[in-house]
Amino acid sequence: ETGQNVIHTYSISGNYTVTLIVVNTNNCIDTASHDVTINDLPLADFAINPNDSICVNETIAFTDNSSVNVVLWQWDFDDGGTSTLQNPVHSYGTDGIYNVQLIVTDNNTCVNSFTSPIQVHPLPDPDFTILPNDTICAELPLTFGGFDIAGTTVTDWSWDFGDGSTALGQNVSHT
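This is a predicted model, so every value here is computed, not measured.

Undergrad: Sorry, what's going on with the packing of aromatic side chains here?
TA: To describe a pair of aromatic rings, you give the distance between the ring centres and the angle between the ring planes. Going through the model one piece at a time under the given rule, you end up with 13 aromatic pairs. With 5.9 Å between their ring centres and 70° between their planes, Phe-46 and Phe-62 make a pair best called edge-to-face. Of this pair, Phe-46 sits in strand S3 (residues 46-49) while Phe-62 is found in strand S5 (residues 60-64), placing the two residues 16 residues apart along the sequence. Residue classification places Phe-46 among the buried residues on the basis of a relative accessible area of 7%. Pairing Phe-62 with Trp-75 gives two aromatic rings, centres 5.5 Å apart and planes at 50°, and the pair type is tilted. In this pair, Phe-62 is assigned in strand S5 and Trp-75 in strand S6 (residues 70-76), connecting sequence segments 13 residues apart. Each residue in the set Phe-46, Phe-62, Trp-75, Phe-77 and Phe-114 is aromatic and connected to the rest through ring pairs, giving one cluster.

Undergrad: Is there a simple way to think about the sheet that holds strand S11 (residues 126-131) in this case?
TA: Hydrogen bonds along the backbone pair up the strands of a sheet, which may run parallel or antiparallel. The strand order S11-S12-S15 describes an open sheet built from 3 strands, whose pairing is antiparallel. Looking at which strands have only one partner, the edges of the open sheet turn out to be S11 and strand S15 (171-174). Going from strand to strand, the sheet's axes swing by 25° on average, the running direction of each strand aside. As defined by bridge partners, S11 adjoins strand S12 (residues 142-148) across 6 bridges and the pair is classed as antiparallel. The partner of Ile-130 across the bridge, within S12, is Phe-144.

Reading the values: rules and limits
- Residues numbered from 1 in each chain as written.
- Predicted model: local features only at pLDDT ≥ 70, side-chain atom pairs only at ≥ 80, totals over all residues.
- Heavy atoms only, no water.
- Phe/Tyr/Trp six-rings, centres within 6.5 Å; stacked < 30°, edge-to-face > 60°.
- Helix = DSSP H or I, 4+ residues; strand = E, 2+ residues; numbered from the N terminus.
- Buried < 20%, exposed > 50% of the residue type's maximum accessible area, 1.4 Å probe, protein only.
- Pairing = 2+ DSSP bridges.
- Axes fitted to C-alpha atoms, helices over the stretch in contact; angles between N-to-C directions.

So this is what it looks like as structure tokens:
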């Protein structure tokens, strides 16, 4: 490359000798050399537990799987939350897809990053009906029908009647 101030990017780590050759207006030539050490970038990586799909307000643990020479961790959870812990935990208050980014710095001050998406699912918004109504005499059956106000797909219905009895299913009766 030519010019007074140049930029060069090394693609492979190693030791290099950089030489500057200068020519003045009298066609006199001289050189100067310096050794440069180029370090590998650290590996930035993490695992998610329980997995990359959780529900709102569920705690999720992030496990750093980066290079062993990393000395600084910067987490961005894509919801305004951040952490500098090596293995943080986080929860999301709103459903959506979040791109979690980990930026690592190693002991040579080299920096690298890794980003992975997390799907946060909304909570169901349960409600139920009581037939014939919510006040009747003892020994008469009540029918309970569950539904979800939020419109998500409910797969399990579990009832606790407050008297030690329980039932499973969307629509149940209890006396």
